[in-house]
Amino acid sequence: ETLALPQDSTVGDLKVLVQKSFRQGFLKLVTEKGHVLINPEESFLTAGIQEEAHLTVLAQQPKIAATSSAFAIWCIGGDRIVTWGSPEAGGDSSAV
C-alpha cells in the first residue's frame, strides 16, 4: 500500500498513519537498510527516510501477563516492556 506524508514529518506521524491504515496498533517500521524506526520524534531526514522510500511494516502480537496486583504488556521482538500496578507484585520493570 502506498502512503504519503510531507518530507518534514516525523517517525511518529508515519507510525500513526500506518496504524490507522492497517488498523493495527502494534507495529514495527523497518527501513530498506534494516534500521528499525523507534524514536517517534525523529525526523524523516534524521531517520534516513527519503521521498518514495519503501518501508517494511511488521505487525506485532502483544502479550499480556498479570498477577493479582500488576500487569505487563510486551510485543515479541519488541524492545520494551510496559508494566503497571504494585511494584511488589511485578508492576516495576525498571530493572528489565
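Everything numeric in this text was worked out from a predicted model, so none of it was measured.

Caption draft 1: Main features of the nonpolar core. Within the largest apolar cluster, 9 residues are counted, these being Val11, Leu14, Val18, Leu27, Leu29, Leu37, Phe44, Ala47 and Ile49. Looking at this core element by element, the count peaks at 3 residues for helix α1 (residues 11-22). Once you skip the residues sitting within four places of it in the chain, phenylalanine 44 turns out to touch Leu5, Pro6, Gln7, Ser9, Thr10, Val11, Leu14 and Ile49.

Caption draft 2: Seen up close, the sheet that holds strand β4 (residues 62-66). Reading across from one edge, β4-β5-β6 is the order of the 3 strands in this open sheet, with antiparallel pairing throughout. In this open sheet, the two strands that pair with only one neighbour each are β4 and β6 (81-85). For this sheet, the mean inter-axis angle between neighbouring strands, taken without regard to orientation, is 15°. Across 5 bridges, strand β5 (residues 70-75) lies against β6 in antiparallel orientation. Bridge pairing links phenylalanine 71 to tryptophan 84 in β6.

Caption draft 3: Spatial organisation of unusual backbone geometry. The phi torsion at arginine 23 lies on the positive side, around 50°, for a residue other than glycine. Note that arginine 23 resides in the loop between α1 and β1 (27-30). Taking relative accessible area as the criterion, arginine 23 reaches 78% and is therefore assigned exposed. Positive phi outside glycine occurs at glutamate 52, with the angle close to 65°. Among the residues examined, glutamate 52 registers a relative accessible area of 71% and is labelled exposed.

Caption draft 4: Summary view of the sheet that holds β1. Ordered in space as β2-β1-β3, the 3 strands form an open sheet in which the pairing is antiparallel. Looking along the sheet, the strands with just one partner apiece sit at the ends: β2 (36-37) and β3 (56-59). Bridge count for β1 against β2 is 2 bridges, and the pairing is antiparallel. What sits directly across from valine 30, in β2, is valine 36.

Caption draft 5: Region of the structure containing α1. Over its 12 residues, α1 extends 16 Å from the first C-alpha to the last, a length consistent with the 16 Å expected when each residue adds 1.5 Å. Within the sequence span of α1, burial applies to Val11, Gly12, Leu14 and Val18. Here the buried residues of α1 occupy an arc of 155° about the axis, which is enough to place them on one side. Here the buried face of α1 lies against β1, β2, α2 (44-47) and β3. Of the residues one or two after α1, arginine 23 is the one with positive phi, at around 50°.

Each value, and the rule that gives it
- Residues numbered from 1 in each chain as written.
- Predicted model: local features only at pLDDT ≥ 70, side-chain atom pairs only at ≥ 80, totals over all residues.
- Heavy atoms only, no water.
- Core = buried A, V, L, I, M, F, W, Y, C linked by side-chain atoms within 4.5 Å.
- Buried < 20%, exposed > 50% of the residue type's maximum accessible area, 1.4 Å probe, protein only.
- Helix = DSSP H or I, 4+ residues; strand = E, 2+ residues; numbered from the N terminus.
- Contact = heavy atoms within 4.5 Å.
- Pairing = 2+ DSSP bridges.
- Axes fitted to C-alpha atoms, helices over the stretch in contact; angles between N-to-C directions.
- Expected span 1.5 Å × (residues − 1).
- Arc of directions from axis to C-beta.

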